[in-house]
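Coordinate inspection notes
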Amino acid sequence: MTEQSASNSLDGNAAAGPFTDVFGFDVSTVLVTCGGCRASAVFAEQRAFLGGPGTVLRCPGCDHLLARVVQTTDELWLDMSGSSCWRFPLEASTA
């Protein structure tokens, strides 16, 4: 990771809004596994880059591109090809 990319990044919470809009719920606790180094961490711990084009999520360990979301005037693009998997927690049932 370069010093410039580290200084321009925010934590994943900054990117949660656009991804939450896609999935319809708060993604900050989703476990994201990097397709590059295979490290896993919750969405909130990933590195976020905002401002464009779109919102970019990168691995804090190896700087691999994990996911990006871009909204234009007539479409929404979602690319998750840099991550090997996303694990979504299910709410505890009240049985």
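These lines cover the structure that appears in this document, whether it is placed above or below. (Residues numbered from 1 in each chain as written. Predicted model: local features only at pLDDT ≥ 70, side-chain atom pairs only at ≥ 80, totals over all residues. Heavy atoms only, no water.)

**Some remarks on the environment of Arg87**
- With respect to the helices, strands and loops of the structure, Arg87 is situated in strand β8 (residues 83-87).
- Note on Arg87: relative accessible area 55%, which makes it exposed.
- Expressed as a C-alpha distance, the spacing of Arg87 and Val42, which sit 45 residues apart in the sequence, is 9.1 Å.
- Non-local contacts of Arg87, meaning those with residues more than four positions away in its chain, are made with Val30 and Leu31. (Helix = DSSP H or I, 4+ residues; strand = E, 2+ residues; numbered from the N terminus. Buried < 20%, exposed > 50% of the residue type's maximum accessible area, 1.4 Å probe, protein only. Contact = heavy atoms within 4.5 Å.)

**Considering the sheet that holds strand β3 (residues 40-42)**
- With antiparallel pairing, 3 strands are arranged side by side in an open sheet as β3-β2-β8. A strand with exactly one partner marks an edge of an open sheet, and here the two such strands are β3 and β8. Strand-to-strand twist of the sheet, defined as the mean angle between neighbouring strand axes without regard to direction, takes the value 20 degrees.
- Note: strand β2 (residues 31-34) against β3, 3 bridges, orientation antiparallel. Following the sheet pairing, Val32 is matched in β3 by Ala41. (Pairing = 2+ DSSP bridges. Axes fitted to C-alpha atoms, helices over the stretch in contact; angles between N-to-C directions.)

**A look at unusual backbone geometry**
- In this model, Arg38 sits at a positive phi of 70 degrees, which is unusual for a non-glycine residue.
- Within the secondary structure, Arg38 sits in the loop between β2 and β3.
- The phi dihedral of Asp63 is positive, around 70 degrees, even though this residue is not glycine.
- Within the secondary structure, Asp63 is located in the loop between β5 (55-58) and β6 (65-71).

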